[in-house]
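Analysis of the macromolecular model
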Amino acid sequence: MSLAKRYDPKEAEPRLSAFWQQAGVYHFEAGGAGEVYSIDTPPPTVSGHLHLGHVYSYSHPDFVARFWRMRGRRVYYPMGYDDNGLPTERLVEKRLGVRAQQVGRAAFIEKCLQVSEEAEKDYQELWQRLGLSIDWRYTYRTIDAPSRRIAQHAFLELHRQGLVYRQEAPAIWCPECRTAIAQAELNDLERQSEFVTLKFTLTPGPSPWEGEGEGVAIATTRPELLPACVAVFVHPEDGRFQHLVGRSVQAPLFGQVVPVLADPGADPEKGSGVVMCCTFGDTADVAWWRTHNLPLVEALDREGRMTAAAGPFAGLAAGEARKQIKQALDEQGLILGRQATAQSVRVHERCDTPVEYVVARQWFVKVLPFKEKLVELGERLNWRPAHMQARYRAWVENLNWDWCISRQRYYGVTFPAWYCRACGAALLAEPEQLPVDPSETQPGRACACGGMDFDPDPDVMDTWATSSLSPQIVGQYLPGRVDNPLYEEVFPYSLRPQAHEIIRTWAFYTIVQSHFHFDALPWKDVLISGWGIAGEGMGKISKSRGGGPLPPLEMIERYSADAVRYWASSTGPGKDAVISEEKIQMGARLATKLWNVARFSERFLQGYTPPAAPQDLRLTPADRWILAGLQRLIRRATQLLEEYDYAATKSEIESFFWGDLADNYLEMCKQRLYDLDHPQRAGALFALRRVLQDLLKLLAPFLPYVTEAIHLGLFAGVEVEQASRQDSLHLSEWPAAEPALEDEAALALGERLVAIATAVRRYKSERNLPLSSELTRLQLGTVETSWQAALRAAAPDLASVCRVQQVEVTAWEAELEAGLEALAEQDGLRLAILA
């Protein structure tokens, strides 16, 4: 076959994608020979349409997978979908335009399953079109039966070890999503607020104080929590208020009398230096409540509305209550001052709603007692880039809460637990019952008290409680089984690729689960990607908030998957990338140029068989230079990809392709290629074939489609429809540097030849001569004898690249002949031209 005149990615890419799937090019050979390279791929949450930010981050592990597959590893590269939790519920609620509670549990779960399946088909279509080398036979869903069985079994095992507990305690609560959440799901949001200084009345004490009638000034940004004020605090070393400690004050407007206590947590520099403790405004309130055994008053309910404790303000949303309570305080002269302030508010990452702290019965996993060990485990992993390990460490060291794993939602993995109506004791499922929905199944045995009536646990697990077990789900781990053949092959995984913002969740929780259940690290390397962002200074694109500009499939159809992948490979690990249509266009130009170079080469390489002993060929200096440069590139690209620096790899390969091969070497060898009788034509054929074939392999991880199309047509000699698995470039061997072709002297001479060619091109350009115009004579002068001999040997190469009839090499001292115009003098070399 022959390569088409023009490469059409709209036609070629779907055809090649179908070939890869049908031929099983990316199938993992379970139980085969050779080392395994396994990837714990991020399962995208089903919460909206995928965007170019996903394309950016999901391309990165594919570069790595393709590299190691060509290095001879048995690559295990599956894909999953995280579709069992709150993000999917929020998506369905948005599409339905109603709350889950309004639809009913059964109907809502059915709708979640339907929406998930539809979204996952769209996701797979995009991933396949992008060219991800996934083995789709190992696809999983975090809501499917095997995933639920693994998650429920892990819960039972943690319970057996005493590592989970259920208690009624303050929990971080999202009023919008109406569920408890974990510390890891919090973000900080900066907003403008107002410090309102309120007048608390000092109650009569044993020793009168001269300022007693003036009251005590306390500043707050949340006056709506006044009905839940249970104490006020001062710093024990703040001399301004030592006389107040042990006394009581009366809260304004609501009238409750509360104690004045000393605690180091009170900041003397904040507000007036006297702080009110309300149950609960923030984590400091929770800590004080626990430490000082304070009473509990709940002023806000789980929907973020004021409770009966707020008296006439009951039923108001928190924001409206704040407004009306301020007005009432002002009318009674209880506001001493107001001051605008910037405030950092903790919000739920899923919806940006400020969280509250409410008392609720929740399941927790113990992590606080293991912080030191979890830090040490993080240090044993290979983080790329290395500084991301510090983010992990900082997160663990600053943990203040155990991991809350229960959610007050409908759609998710249920807790395998029932509660005895007679005594309230929890009864857990037996392992052989899993997966189990306690609302549909009874435990089948009596409680220890003899009771037979049970209420199911109403909650579902945090989605991270399932996805943190992705190594087990991906490896098809069979709980309770001694024989786990696939899992034993792939665990611990070679690589965990993920985004930096979920180091605190997915990376941390997976390390927690792996340590508790297997006393092992889940992976060897962690590859962190940055965000795809819409523009300079703009934040992360979110699929749950619109997905950003430039839909991925639209960009792929417009420019090709290879072009989009080119953009994704242009920024290194851990770095954010601005979505750049200009850079995508550069990728399209690279693919087109690669195709054109291959078409040019095809007429010479068809039917050509390289010799068994290339050292016998008469190679010119240009041949030796390009081949030596190729060996250097192979070594460099291999090292960089082993270190996960795909951006530098692509950059150096591209530089070699454009600067060395396309712009210079092809022009240096062109005359020899066209001259069938040229004595050094065989050297040009050998060098061209070797360089082009190895370049296709080096570019294959980044531009899988166009490189495959060229390989099948030019080197395998087959049509896509007739190609077999073995014909694919992506199962060929990664290039290895050949010591016999490495040559530092050839590299140095090649640089000199390129400099000469560049100078001649500049000469033509400055005189408005076409670059294809032929010059009469090029004279090169140098004082170095060795350079004179090398340049004479390279004269045919220079004549070809410079389009000149005659190349002469002289000693530096030689006089310029009449008619020659001095062009340049640099690095001990003089160039002169007769136009």
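Described below are features of the structure shown in this document.

Thresholds, definitions, all that
Residues numbered from 1 in each chain as written. Predicted model: local features only at pLDDT ≥ 70, side-chain atom pairs only at ≥ 80, totals over all residues. Heavy atoms only, no water. Pairing = 2+ DSSP bridges. Helix = DSSP H or I, 4+ residues; strand = E, 2+ residues; numbered from the N terminus. Axes fitted to C-alpha atoms, helices over the stretch in contact; angles between N-to-C directions. Contact = heavy atoms within 4.5 Å. Salt bridge = Lys/Arg side-chain N within 4 Å of Asp/Glu carboxyl O. Buried < 20%, exposed > 50% of the residue type's maximum accessible area, 1.4 Å probe, protein only.

1. So, the sheet that holds strand β20 (residues 454-456)
Judged by pairing direction, the sheet is antiparallel, and its three strands sit side by side in the order β19-β18-β20 without closing on themselves. Two strands lie at the open edges of the sheet, namely β19 (426-428) and β20, each paired on one side alone. Along the sheet, successive strands turn relative to each other by an average axial angle of 35 degrees, direction set aside. Pairing of strand β18 (residues 417-420) with β20 involves three bridges; the strand directions are antiparallel. Paired with Cys420 across the strands is Phe454, a residue of β20.

2. Considerations on the sheet that holds strand β23 (residues 523-529)
In space, the three strands of this open sheet follow the order β15-β23-β22, with parallel pairing throughout. Every interior strand has two partners, whereas the edge strands, β15 (382-384) and β22 (493-499), have only one. Adjacent strand axes in the sheet meet at a mean angle of 20 degrees, parallel and antiparallel pairs treated alike. Pairing analysis gives six bridges linking β22 to β23, with the strands arranged parallel. Across the sheet, the residue bridging to Pro497 is Leu527, located in β23. Where helix α14 (residues 503-518) meets the sheet, its contacts fall on β15, β22 and β23, and the angle it forms with β22 comes to roughly 155 degrees.

3. Topic: the pattern of salt bridges
Taken as a whole and judged by the stated rule, the model has 49 salt bridges. A salt bridge links Glu654 to Lys650; the shortest N-O distance between them is 3.9 Å. Taken together, the residues span about one helical turn, with Glu654 and Lys650 both in helix α19 (residues 646-674) at a distance of four residues. Side by side, Glu654 and Lys650 carry an identical accessibility label, which is buried. The network of salt bridges with common partners includes Asp83, Glu117, Glu120 and Arg141.

4. Points about unusual backbone geometry
Cis geometry marks the peptide bond from Leu434 to Pro435; its omega dihedral reads -5 degrees. For the bond running from Phe491 to Pro492, omega is -5 degrees, close enough to zero to count as cis. Tracing the chain through its elements places Pro492 in the loop between α13 (485-490) and β22. The phi angle at Tyr644 is positive, at roughly 65 degrees, despite the residue not being glycine. Here Tyr644 is to be found in the loop between α18 (621-642) and α19.

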